[in-house]
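Topology and contacts: notes
Spelled out from the first residue to the last, the chains are:
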Amino acid sequence: MSNLTLEACAECDLLLNPKQVAPGEICQCPRCGYRIQQPRRQSIERTFIYSVTGLALLAPANLLPILGIKVLGNIRDGNLWSGVTALFNEGMWAIAILVFLASMVFPALKIILTLLVSGYLYFDKPGRYLATWMRYLHHLEEWAMLEVYTLGIIVACVKLAGVADLRFGYGLYAFIALLIINCLLSTSLDPYSFWRRIRQMQREVRHEVH
Ligand SMILES: [Zn+2]
């Protein structure tokens, strides 16, 4: 019996023989053209380092003041959280919840899950929940939208520029850095090689058990 396991194309379910593809090359489905593999160089290492950086940025981006507004001599600082509570107090609770989830909860979850998965793979530790975490991560991709809040900051700046003195806080720099890390994570994480490594680890564990 051959050891070869067939793989299904994620788009059209065509069964294919797994191929070793070098970084920089693209492997497409012969039937529908779906990009099955597009390996990225040192995907695990880079993803791990970016997610450690992202974790360090989470607290300052969420808690430090993003914008300071000076009106009639009074200075008021606002951070991400105070933006959410302000929306809530204005009665816009649905938007408040959406902003809270999309700009605070989901991005944080995404970074923590990415750190867990890439950390286990980086240190070569088979984790029982690796596959589950990978699946959660796949779904989070569509929900973590830091861009939503970025748009809010830009709108606030434009509206207030004429009437108040604006000061940018350290939170804004942390937030922008987090946004960049988020983009870097999307380009470094190669789901195919992550899954292949996870399956390989699962097989090794099963061999040790039997
Ligand atoms: Zn296909």
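Keep in mind the model is a prediction, meaning the values are calculated, not measured. (Residues numbered from 1 in each chain as written. Predicted model: local features only at pLDDT ≥ 70, side-chain atom pairs only at ≥ 80, totals over all residues. Heavy atoms only, no water.)

As for the overall build of the chain
What counts, and what does not: Only DSSP runs of H or I reaching four residues or more are called helices, and only runs of E reaching two or more are called strands; each is numbered from the N terminus. Buried, partly exposed and exposed residues are distinguished by accessible area as a fraction of the type maximum, computed with a 1.4 Å probe on protein chains only: under 20%, between the cut-offs, and over 50%, respectively. Contacts are assigned to residue pairs that have any heavy atoms within 4.5 Å of one another. Using a 1.4 Å probe, accessible areas were evaluated by the Shrake-Rupley method; residue-level cover was limited to the displayed protein chains. Positive charges come from Lys and Arg alone, negative charges from Asp and Glu alone, with His and the N- and C-terminal ends not counted. Positions of charges follow a simple convention, taking NZ of Lys, CZ of Arg, CG of Asp or CD of Glu.
A count of helices and strands for the chain gives seven helices and seven strands. Element order for the chain, N to C, with α for helix and β for strand: β-β-β-β-α-β-β-α-α-α-α-β-α-α. Referenced to the eigenvectors of the C-alpha coordinate spread, the extents of the chain come out at roughly 80 × 40 × 30 Å. Out of the 210 residues belonging to the chain, those deemed buried represent 35%. Restricting to contacts in the chain with at least 6 residues of sequence separation, those with at least 24 account for 62%. Total accessible area on the chain stands at roughly 13,500 Å², and carbon and sulfur atoms take up 62% of it. Between the mean site of the 19 positive side-chain charges and the mean site of the 15 negative ones, the chain shows a separation of 2 Å.

Regarding the packing of aromatic side chains
The test is simple: Working definition: a ring pair exists when centres of Phe, Tyr or Trp rings (six-membered ring for Trp) sit within 6.5 Å. Plane angles under 30 degrees give stacked, over 60 give edge-to-face, the rest tilted.
Applying the stated criterion to the full structure yields six aromatic pairs. Geometrically, the ring pair formed by Phe-48 and Tyr-122 is stacked, given 4.7 Å between the ring centres and 15° between the ring planes. Placement of Phe-48 in helix H1 (residues 43–63) and of Tyr-122 in helix H3 (residues 93–122) is noted, with a sequence separation of 74 residues between them. Considering the side-chain rings of Phe-48 and Phe-123, the 5.6 Å spacing of their centres and the 85° angle between planes classify their relative orientation as edge-to-face. Residue Phe-48 is located in helix H1, and its partner Phe-123 is located in the loop between H3 and helix H4 (130–140); the two are separated by 75 residues in the primary sequence. Residue classification places Phe-123 among the exposed residues on the basis of a relative accessible area of 52%. Joined through ring pairs, the aromatic side chains of Phe-48, Tyr-122 and Phe-123 make up one cluster.

So, helix H7 (residues 191–209)
For clarity, the threshold we go by: Multiply 1.5 Å by the residue count of a helix minus one, and that product is the helix's expected span.
Taking 1.5 Å per residue as the helical rise, H7 with its 19 residues ought to reach 27 Å, and the 27 Å between its terminal C-alpha atoms agrees with that figure. Buried positions along H7 lie against strand S1 (7–8), strand S4 (35–37), H1, H3 and H4.

Focus: the sheet that holds strand S6 (residues 74–78)
Backbone hydrogen bonds are what pair the strands of a sheet, in a parallel or an antiparallel way. What counts here: One bridge is not enough; two strands pair if DSSP finds at least two bridges between them. For helices, the fitted line uses only the C-alpha atoms of the stretch in contact; every axis is such a line through C-alpha atoms, and the angle between N-to-C directions lies from 0 to 180 degrees.
Read across the sheet, three strands follow the order S6-S5-S7 without closing on themselves; strand pairing throughout is antiparallel. The open sheet has two edge strands, S6 and strand S7 (165–168), and neither has a second partner. The sheet shows a mean angle of 20° between the axes of neighbouring strands, direction not considered. Relative to S7, strand S5 (residues 67–71) runs antiparallel, the two being bridged by four bridges. Residue Gly-68 lies in a different strand from S7, and its bridge partner there is Arg-167.

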